[in-house]
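# Coordinate analysis (summary)
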Amino acid sequence: MVVKTYYKTKDYCKVKFSFKVENAETIEILGLNSDWQNSIIMSRKKDGTFSADVNLPKDSKHQIKYRVNETDWLNEPEADSQVPNEFGGSNSLIIL
């Protein structure tokens, strides 16, 4: 799930990512600000959901994927769109 909070006086948007996968030990977000090397580590909640709050520039687009347990790559089902990637699959697109 992606929840966007816009501020009238700020040039960024707070984006809350929440994601739940059975048997997940770790979940990371990759691709924010076109950075596929440095991930955002999501925090695990008591109910098994992972979440992270990230401030991103307004009027921007971000292709992302979740990396689960350092091996599985998954898309955000509630993203604004899905776009093809260079590996023959797709990335989730977040539009702010």
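You'll find the structure just up there.
Residues numbered from 1 in each chain as written. Predicted model: local features only at pLDDT ≥ 70, side-chain atom pairs only at ≥ 80, totals over all residues. Heavy atoms only, no water.

With that settled, consider the pairing of strand β9 (residues 81-84). Summarising the sheet, β9 and strand β10 (residues 90-95) pair through four bridges and their orientation is antiparallel. The partner of Ser 81 across the bridge, within β10, is Leu 93. In sequence, β9 turns back onto β10 through a hairpin of five residues, with Gly 88 there showing a positive phi of about 85°. (Pairing = 2+ DSSP bridges. Helix = DSSP H or I, 4+ residues; strand = E, 2+ residues; numbered from the N terminus.)

Another aspect to go through is the layout of surface pockets. Think of a ball as big as a water molecule: rolled over the atoms, this probe shows where empty space is left. Estimates place the volume of the largest pocket at around 180 Å³. Along the walls of the largest pocket sit Trp 36, Lys 65, Trp 73, Asn 85, Glu 86, Phe 87, Gly 89, Ser 90 and Asn 91, which together make up its complete lining. Classifying every residue of the lining of the largest pocket by side-chain character gives three nonpolar, four polar and two charged. (1 Å grid on protein atoms, 1.4 Å probe; cavity = no way out; pocket = protein on both sides within 12 Å on 5 of 7 lines; lining within 4 Å. Points joined across faces, edges and corners; volume = space filled by probe spheres on them. Nonpolar A, V, L, I, M, F, W, Y, C, P; charged D, E, K, R; others polar.)

When strand β2 (residues 12-19) meets strand β6 (residues 50-57), the two strands line up antiparallel, connected through eight bridges. The residue bridging Phe 19 from the neighbouring strand is Phe 50, located in β6. The pairing of strand β5 (residues 43-44) with β6 spans two bridges and is antiparallel. Counted as the bridge partner of Arg 44 is Phe 50 from β6. Counting the residues that bridge the hairpin from β5 to β6 gives five residues, and of these Gly 48 lies at a positive phi of roughly 95°.

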